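# Structural characterization, general
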Amino acid sequence: MEKILKTVCPINNDDIDADITSHDTFEKGFPHMAFKRMRDDDPCAWVDEKDGGKGFWAVTRYNDIREVNGLPKIFSSAQGIRLEEQSKEEFEARKTFQETDPPIHTRQRMMFHRGFTRKLVSTYEPLIREICNDILNDAVDLSEVDATKEIAKKLPMRMLGRVVGTPDEDAEWLVSRGDAMIANSDPDFTDHVIDKVDTDEYRFLPFRSPAGKEIYDYGEKQKKLRENHNMGDVMSMLLQPDKQGDKLSDLEFKNFFALMVAAGNDTTRYTMASSMHALANNPYIFDYLKSAPDDAPIWLSATEEFIRWASPTMHFRRTATEDYKLHNKKIKEGDKVAIWFTSGNYDERKFSNPFSFDLERENNQHIAFGQGGPHTCLGMWLARLEVRVAMQELLKRVLKIEQIGPEKYLRSNFIRGIKNLPVRLTSA
Ligand code: HEM
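Residues numbered from 1 in each chain as written. Predicted model: local features only at pLDDT ≥ 70, side-chain atom pairs only at ≥ 80, totals over all residues.

Of regular secondary structure, the chain possesses 18 helices and twelve strands. In terms of overall dimensions, the chain is globule-like: its C-alpha atoms have a radius of gyration of 21 Å, near the 22 Å expected for 428 residues. Along the first, second and third principal axes, the C-alpha atoms of the chain reach 60 × 55 × 40 Å. The buried share of the chain, reckoned over its 428 residues, is 47%. (Helix = DSSP H or I, 4+ residues; strand = E, 2+ residues; numbered from the N terminus. Rg over C-alpha atoms; globule rule 2.2 N^0.38 Å. Buried ≥ 20, exposed ≤ 12 C-beta atoms within 10 Å, placed from the backbone.)

See the structure below:
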């Protein structure tokens, strides 16, 4: 097959001055030109916030993001990882281990890491293929589907659930609760839209959402079920003492459970949705991958490119613990700093032709998983496996994927995603 591997991502010149603090902006898709302008002209830009926010520094170039991310003593996660302003009490009540710095973070991360190592995760491949079966067969039978809703939304929680040990029948409910928490700025997913209604009474719950309490309670129930009974799943493993004899406290476990449901669900979903969007709109990518066997090396590079292309977690916040100079700007102690991973993944200084999808991109050191810092995604091996297997199994079942209506994007300045993707699937 001829080696035509490139496609170009839609760029909208109108978004060059887009307000990157506004959730509405991202409903039109990621404002690539605004971020390109910042990368070129003002790579460490001060951004004012409306609605009572103190403002923040937006770090948009690849190398700078890695620099900030690699200095957790100076750019701390322990004062919040989202831009939202929180009181000390709110922060303490809602904090997970992601909102801690080394060495506290290191100890807890080691406890959780046991369940997500590359080696352990690789053993789940047959299970993950099996889960794809029903969901993909149903979607292909329907022929015209919303690929995000019928495929990308259903797979990740089922997969994560089987791995950590929650029952299949709870997956849909967990997805809806995860959505209500993490997509708390989109009225399609929650009645408690963070910037539109008063969410004060939920300020002590994860993501300022009533769904946070439901997830806490569910996590507690799952923990109780395993207290005197090892169910042979990741949750049982995490509840065991580690090699040093340390055990997770109740609150540590509950918060981790809520974090997993929030972090492991929509990010993988939107990566799958973006990958299907690329497959539907670029027949050569479709054909090339369809003809590749499951163990062909092209699948490894394609998966990394799918993930770079999607970059669903747009930014995380840090707080400066001392003054720091970046591009002649003086970041002051206490300032909020947002590292924009998605922008870094499209930085021309790092990636050749970043707006082209390159199935064979060499040395694809994207930072979609927050690589380079202590918080590098714990679920990255699982996410990679899920995306690769889901796309492989989909391509085995279809001769063609056509997009039959415009895609719709999530209303969020935090998570980037295609929430509706109408397609026609022609079965193989
Ligand atoms: C394509 C899918 C995914 C993407 C793009 C993604 C992205 C990220 C990013 C950027 C971070 C860094 C956060 C920071 O710097 O503060 C992170 C952390 C994390 N992710 Fe993921 N993630 C994905 C899938 C998953 C899955 C499937 C899980 C399930 C277990 C997961 C669990 C976590 C956890 C627990 C952390 C916190 C790690 C720590 O603080 O040490 N993620 N993820």
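Back to the text.
This part covers the sheet that holds strand 12 (residues 422–427). The sheet built from three strands is open, its strands ordered 4-12-9 with antiparallel pairing. Whereas interior strands pair on both sides, the edge strands pair on one side only; in this sheet they are strand 4 (144–146) and strand 9 (398–403). Taken pair by pair, the neighbouring strands of this sheet meet at an average axis angle of 30°, ignoring direction. (Pairing = 2+ DSSP bridges. Axes fitted to C-alpha atoms, helices over the stretch in contact; angles between N-to-C directions.)

In this section: the site of the ligand. With respect to spatial proximity, 29 residues lie near the ligand, and among them Gly 264, Thr 267, Gly 370, Cys 377 and Gly 379 are the closest. Elements with a minimum of two residues in the shell around the ligand: helix 13 (250–263), helix 14 (266–281) and helix 18 (380–397). When its residues are assigned to classes, the shell around the ligand shows 17 nonpolar, eleven polar and one charged. (Near = placed C-beta within 6 Å. Nonpolar A, V, L, I, M, F, W, Y, C, P; charged D, E, K, R; others polar.)

Moving on to the nonpolar core. In terms of nonpolar packing, the biggest core is built from 104 residues, with Val 59, Ile 151, Leu 155, Met 276, Val 337, Ile 339 and Trp 340 touching the most fellow members. Non-local contacts of Met 276, meaning those with residues more than four positions away in its chain, are made with Ala 147, Ile 151, Ala 152, Ile 401, Leu 421 and Val 423. (Core = buried A, V, L, I, M, F, W, Y, C linked by C-beta atoms within 7 Å. Contact = placed C-beta atoms within 7 Å.)

Attention shifts here to helix 11 (residues 211–226). The terminal C-alpha atoms of helix 11, which comprises 16 residues, lie 23 Å apart, in line with the 22 Å expected from a rise of 1.5 Å per residue. Burial in helix 11 covers these residues: Ala 211, Gly 212, Ile 215, Gly 219 and Gln 222. Considered in projection along helix 11, the buried side chains sweep an arc of 100° and stay on one side of the axis. What points out from helix 11, more than 90 degrees from its buried face, is the exposed set Asp 217, Lys 221 and Lys 224. (Expected span 1.5 Å × (residues − 1). Arc of directions from axis to C-beta.)

Here the focus is the sheet that holds strand 5 (residues 315–320). Strand order across the open sheet formed by five strands is 1-2-8-5-3, with mixed pairing between neighbours. Both outer strands of the open sheet, strand 1 (44–47) and strand 3 (75–76), are each paired with one neighbouring strand and no more. In this sheet, strand 8 (residues 336–340) lies alongside strand 2 (residues 56–59) in parallel orientation, the contact comprising four bridges. Looking at the pairing, Phe 56 lines up with Lys 336 of strand 8. Helix 3 (residues 62–69) rests against strand 1, strand 2, strand 3, strand 5 and strand 8 of the sheet, and its axis sits at about 130° to strand 8.

Before going further, it helps to spend a moment on the pairing of strand 2. Residues Phe 56 and Ala 58 line one face of strand 2 and the alternating positions Trp 57 and Val 59 line the opposite face, and both faces are buried. Judged from the four bridges that link them, strand 1 and strand 2 form a sheet pairing that is antiparallel. Bridging across to strand 2, Val 47 finds its partner in Phe 56.

This part takes up unusual backbone geometry. With an omega of 5°, the peptide bond running from Pro 102 to Pro 103 counts as cis. Along the chain, the position of Pro 103 falls in the loop between helix 4 (88–94) and helix 5 (104–113). Look at Ser 311: it is not a glycine, yet its phi comes out positive at around 30°. With respect to the secondary-structure elements, Ser 311 resides in the loop between helix 16 (298–310) and strand 5.

Right, let's get into the environment of Gly 264. Positionally, Gly 264 belongs in the loop between helix 13 and helix 14. Assessed through the 26 C-beta atoms surrounding it within 10 Å, Gly 264 is described here as buried. Sequence separation between Gly 264 and Met 159 is 105 residues, and the spatial gap between their C-alpha atoms is 9.7 Å. Residue contacts for Gly 264: discarding those within four places in its chain leaves Pro 156, Leu 160 and Gly 379.

For Arg 411, the position within the fold is in the loop between strand 10 (408–409) and strand 11 (418–420). Residue classification places Arg 411 among the buried positions, given that 21 C-beta atoms sit within 10 Å. When the C-alpha positions of Arg 411 and Ser 22 are compared, they lie 9.0 Å apart, and in sequence the two are 389 residues distant. Residues within four places of Arg 411 in sequence aside, it is in contact with His 23, Asp 24, Phe 26, Glu 27, Ser 185 and Asp 186.

The complete set of buried residues in helix 2 (residues 32–41) reads His 32, Ala 34, Phe 35, Lys 36, Met 38 and Arg 39. Those residues of helix 2 hidden inside the fold are in contact with strand 1, strand 2, strand 8 and helix 17 (341–344).

A word on the packing of helix 14 against helix 16. Helix 16 packs onto helix 14 with a crossing angle of 105° between their chain directions and a minimal axis gap of 9 Å. Comparing the axis directions of helix 14 and helix 16 gives the class roughly perpendicular. Within the contact between the two elements, helix 14 uses Tyr 270, Thr 271, Ser 274, Ser 275 and Ala 278 and helix 16 uses Phe 306, Ile 307, Trp 309 and Ala 310. Its residues placed into classes, the contact of helix 14 with helix 16 shows six nonpolar, three polar and no charged. (Parallel < 35°, antiparallel > 145°, perpendicular 65-115°, else oblique.)

Before going further, it helps to examine the pairing of strand 5. The buried fraction of strand 5 is high, at five of six residues. Across two bridges, the pairing between strand 3 and strand 5 is antiparallel. Counted as the bridge partner of Phe 75 is Ala 320 from strand 5. Across five bridges, the pairing between strand 5 and strand 8 is antiparallel. Note that in strand 8 the partner of His 315 across the bridge is Trp 340.

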